[in-house]
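Chains, contacts and geometry: an overview
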Amino acid sequence: MGAGQHNFPVYPQLGTLTDRNTSRRTLGCDIAYVHLLRGFAYWAVVLGAFSRRAIGWAVSMHIDTK
């Protein structure tokens, strides 16, 4: 398969960062990792798209949904 071709479901975009008239709260998220002596620490943050404020965050030694 070429780039962008996969068998996973594709969902419609609920809002764009430039669409301030959306009736839903638009959120963004990011995951970063920091290399430590014993492995990696993973940092996940959820941001408000328009305020750019952190809504929530978590740090873990494992990249999983817990």
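See above for the structure.
The notes below deal with the structure included here. Nothing here was measured: the structure is a model prediction, and the numbers come from that model.

With respect to the environment of T26
- Along the chain, T26 falls in the segment before β1 (27–36).
- The exposure class assigned to T26 is buried, which follows from its relative accessible area of 16%.
- The spacing of T26 and L47 is 21 residues in sequence and 8.8 Å in space, taken between C-alpha atoms.
- Other than its neighbours up to four places away in sequence, T26 contacts L47, G48, A49 and F50.

Regarding the packing of aromatic side chains
- By the definition in use, this model includes 3 aromatic pairs.
- With 6.5 Å between their ring centres and 50 degrees between their planes, Y33 and Y42 make a pair best called tilted.
- Look at Y33 and you get exposed, because its relative accessible area is 57%.
- When its relative accessible area of 21% is taken as the criterion, Y42 is described as partly exposed.

Here we look at a nonpolar patch on the surface
- Nonpolar side chains collect at one region of the surface, where L27, V46 and I55 lie side by side and expose about 240 Å² of accessible area between them.
- Structurally, the position occupied by V46 is in strand β2 (residues 39–48).
- Overall, V46 belongs to the partly exposed group, its relative accessible area being 31%.

Focus: the pairing of strand β3 (residues 54–60)
- The pairing of β2 with β3 spans 6 bridges and is classified as antiparallel. The partner of Y42 across the bridge, within β3, is S60.
- In this antiparallel pair of consecutive strands, β2 and β3, the connection spans 5 residues, and R52 shows a positive phi of 60 degrees.

Rules behind the numbers
- Residues numbered from 1 in each chain as written.
- Predicted model: local features only at pLDDT ≥ 70, side-chain atom pairs only at ≥ 80, totals over all residues.
- Heavy atoms only, no water.
- Helix = DSSP H or I, 4+ residues; strand = E, 2+ residues; numbered from the N terminus.
- Buried < 20%, exposed > 50% of the residue type's maximum accessible area, 1.4 Å probe, protein only.
- Contact = heavy atoms within 4.5 Å.
- Phe/Tyr/Trp six-rings, centres within 6.5 Å; stacked < 30°, edge-to-face > 60°.
- Patch = residues over 30% accessible without salt bridge, like charges linked within 9 Å, V, L, I, M, F, W, Y side chains within 5 Å.
- Areas by Shrake-Rupley, 256 points an atom, 1.4 Å probe, with all protein chains shown as cover.
- Salt bridge = Lys/Arg side-chain N within 4 Å of Asp/Glu carboxyl O.
- Pairing = 2+ DSSP bridges.

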